[in-house]
Amino acid sequence: MPEAIYDPQQIEARWQEWWRQNGTHEVDLQGAENPYYVLMMFPYPSAEGLHVGNVYAFTGADIQGRFQRLRGYDVFEPIGFDAFGIHSENFAMKIGRHPRELIPSNVKNFTRQLNMMGFMYDWRYVVDTTTPEYYKWTQWVFLQLYKAGFVYRDTKEVNFCPDCGTVISDEQVNPDGTCERHTDTPVERRMMPCWFFKITAFADKLLDNHDWLDWSAVTKTSQINWIGRSKGAEVTFKVNGRDEEITVFTTRPDTLFGATFMVLAPEHPLVDKICAREQMQEILEYRVRCSHMTEEERKVARDKTGVHIGAHAINPVNGEKIPIFIADYVMMGYGTGAIMAVPSGDHRDFAFAEKFNLDVRPIIDPDMTGATADQISAMLPPMADIPSDTGTFTMTESFYAPPGDDLLKDYLNHGQSGELRQYILRGDAAWSGPGAMINSANDEISLDGLAKEDAIARITEWLVSKGLGKAKSQFKLRDWGISRQRYWGPPVPVIYDEDGNIHPVPEDQLPVELPDIDDFRPKGDGKGPLANEPQWVETTLPDGRPGRRETDVMDNFLDSAWYFLRYISANDPDRPWDPELIKKWLPVDFYIGGNEHANLHLMYTRFICLALTEAGVLDMGGTKKGDLADIGEPFRRFRAHGLITKDGRKMSKKWGNVVNPDDIVASYGADTLRMYLMFLGPYEQGGDWRDENVMGIRRFLNRLYTWYFEPGESDTLVPEADLPAALRTKLHQTIKKVGADMGDLGYNTAIASLMELHNALKAEKATSDSARRALCIMLAPFAPHLAEEIWQKALGQTGSVFDASWPEFDEALTVEAEVEIPLQINGKVRDRFTVPRDADQATLEAAARESDAVKKALAANGAQIRKVIVVPGRLVNLIIK
């Protein structure tokens, strides 16, 4: 009989059609008794199609969905297309096509590829963010947040990418100040009127709710750092001789007595009001210079520059007049845009004070014994001659030039009696390390002698009692600017009257449709292309008066911030979601996506759900105190998938290393591609693609197919109880391990276990029907087409393999009846032998003595066993001399 031939193209096409005809992947949203929502970050179809890096991400999510279905859940696994936004529009411009033509064709191609891979999507609930049926409700979400007070329009300093021709969010600016999409383009800071979401109003919740989230640690850490909560105090400084006041936020209110000047951001609105007239020209020139610097350049600039504005503030703790400067290292977007400068406690302030010959007042008697070498080296000024036990060390370069380790040890050994302490106390260096407060007292309060924490508490209490300040938390996070001066996005649903007043579009007039225009390219002038369409811009208010539409469109991250809510009601024209289905299916049980969206999509989705919940328009129906649904969190569990590289680099057209899944599927089949990608490494880490290794998985599937469809003549089926004990143990060990691995996304080790089980089954002439079924079911999430073929045609089962149940294991049978014991002679392993697991010491010693290695050792020169060391179940060591 000729060997059965595994033809993946034929098998996969047949089962994909069977799934469609039988509705295999469709779930009854209303009637589901055990709902489980599996979600994958939906793709944006901005290029020719998916590459295998994309397929890697989608496959891992699909495997989880199929696994949960086999565990008995009613799994909802939807898909859609994040097709609005700059990414899609830029690609359209690059290839010279209009996005209204390009995006539908890309969506069609993506749909073909997703079907080609056999993903378990319920295609009845597809969403496309570019359709009026979808963005009508995106505009509705905007209006709900506007009514709740979480949306506002303001003229602020924002990030503007000249190449994108639009404002971009903080999260879309690289650490070096360039645009995430145009990495050679510095982002400019411009004052522009824009729409903002008050994400900062939820900063505390976004941080504190992390305690409830089962998320990848790297994702939570990224969000925590991005939100950047600092606890401190807001302090008010009066401007000398004026009615104006300056508010600063500081995490170290205990250092107020050391504040000897103030610094405002060059853009601070108070500057124009309080500056001396003769300083205005210099201020204007300085502002121009700062406008040409990126935020990163302003943060790290070592040459301190600034302008005294000709005004003074009153230090509230001692009544001293202190000069007010503007300087590039203070920015309007952080804190209040103003700082109290304490040069004895901050190295940037110290450098500024040295440059402008300002007072340095020591306020901490340093405790060197509690300081680190890094603290000491960071606070030493340039060109400082510091005595040490090994001589005098001169720092050259900058604050960051580190002295040698030996010298640092010398500094630390000097302790409080060393010259370094005196150097700091003279005001010749800045110190923010540990120590006791000094020079910090007035007629009503003294901080002298206190440690930092006690001093902070006492001064904050005093400031509050005097109406000079209040305890407050400050955040690095800034409000989300959603205005985009582009074309390809949902229009902002507001109208302005002739006086510039804002009028939300009535909900019954949604959607405000994006007009079909030919010239969609941004001009980079701060106005969107829609501003050039007067017939669309000019409209009427609900009361009949003339009005003009907002010409900005909304950030595509708003489209994707609520899409998972729309999936369950994708075909409902009358409401954004069914409230009862929301309560049933939300929060999402398992969400998988890229960690690059930790501070973008994932932060925004959390904010949108928290805000909609607080606004009273979203109720996920939590039933337990502290349940995520109660607090408005959208995702119970999130895992960040890893990255697929090729030749050690991220797959990219830039490097010419993109692998097209179409080619792999045409040659090897979708099941081979799915399994190979999952076998590359841990799913949360990724792996490196090697063309030559794909065939290894294909050969494994070939062997499986042949084993199921062409059993050998001597192969027989027996009851599982009659299987050899070792094989039966291997079966139950595999079921246990694969189940655990699947839940932990350990797909690579699960596949390895399936390979080992198959090899063990092949090695025996007898097998059981239950073992064959169990292997097929465990294979199914990885290779669903082949598993269906085996399930029905080789095993004679009816219905889909995914209507079966995940195999159960017997814990007692996972323990091997026999164990292999290493035999050591004089501490070195010389042999191994197998004994019953519960063998006692006498049995182990007797088995060891029968070893040929022991007999050989004893035969040499009349050697004898001097000592026997037995560790039951672990080893036997014979001392032979």
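For the structure given in this document, a descriptive report is provided here.

On to the overall build of the protein chain, then. Along its length, the protein chain carries 30 helices and 37 strands. The C-alpha extent of the protein chain, read off along each of the three principal axes, is 105 × 90 × 50 Å. Within the protein chain, contacts between residues at least 6 apart in sequence are counted, and of these 72% link residues at least 24 apart. As displayed, the protein chain has an accessible area near 37,800 Å², and 47% of this comes from carbon and sulfur atoms. In the protein chain, which carries 96 positive and 129 negative side-chain charges, the distance between the mean positions of the two groups comes to 3 Å.

To continue, consider the layout of surface pockets. In this model, the second largest pocket occupies a volume close to 1,000 Å³. If you go around the second largest pocket, you meet 34 residues; those closest to its centre are Phe249, Thr251, Ile339, Asp346 and Arg348. Secondary structure elements with two or more residues in the lining of the second largest pocket: strand E10 (245–250), strand E14 (338–341), helix H11 (347–356) and strand E19 (469–475). Among the residues forming the lining of the second largest pocket, the class breakdown is 14 nonpolar, 13 polar and 7 charged.

Looking now at the sheet that holds strand E24 (residues 538–540). Pairing within the open sheet is antiparallel, and its 4 strands lie in the order E23-E22-E25-E24. Because the sheet does not close on itself, it has two edges, and the strands there are strand E23 (502–504) and E24. Within this sheet the neighbouring strands show an average axis-to-axis angle of 45 degrees, counted without direction.

Looking now at helix H22 (residues 661–668). Taken as a whole, H22 has its buried residues at Pro661, Ile664 and Val665. Down the axis of H22, the buried side of the element spans an arc of 95 degrees, and every buried residue falls inside it. Here H22 starts with a cap whose side-chain oxygen sits 2.8 Å from the backbone nitrogen of aspartate 662, and that cap is asparagine 660. In the stretch just after H22, glycine 669 is the one whose phi turns positive, near 100 degrees.

With that settled, the discussion passes to the sheet that holds strand E29 (residues 643–646). Read from one edge to the other, the open sheet built from 3 strands follows the order E30-E29-E31, with strand pairing classed as mixed. Each edge of the open sheet is held by one strand with a lone partner, namely strand E30 (649–650) and strand E31 (686–689). The sheet contact formed by E29 and E30 spans 2 bridges and is antiparallel. Directly across from threonine 645, in E30, lies its bridge partner lysine 650.

Definitions and cut-offs
Residues numbered from 1 in each chain as written. Predicted model: local features only at pLDDT ≥ 70, side-chain atom pairs only at ≥ 80, totals over all residues. Heavy atoms only, no water. Helix = DSSP H or I, 4+ residues; strand = E, 2+ residues; numbered from the N terminus. Contact = heavy atoms within 4.5 Å. Areas by Shrake-Rupley, 256 points an atom, 1.4 Å probe, with all protein chains shown as cover. Lys, Arg positive; Asp, Glu negative; His and termini not counted. Charge placed at Lys NZ, Arg CZ, Asp CG, Glu CD. 1 Å grid on protein atoms, 1.4 Å probe; cavity = no way out; pocket = protein on both sides within 12 Å on 5 of 7 lines; lining within 4 Å. Points joined across faces, edges and corners; volume = space filled by probe spheres on them. Nonpolar A, V, L, I, M, F, W, Y, C, P; charged D, E, K, R; others polar. Pairing = 2+ DSSP bridges. Axes fitted to C-alpha atoms, helices over the stretch in contact; angles between N-to-C directions. Buried < 20%, exposed > 50% of the residue type's maximum accessible area, 1.4 Å probe, protein only. Arc of directions from axis to C-beta. Polar contact = N/O pair within 3.5 Å; in protein donor to acceptor, adjacent residues only side chain to side chain.

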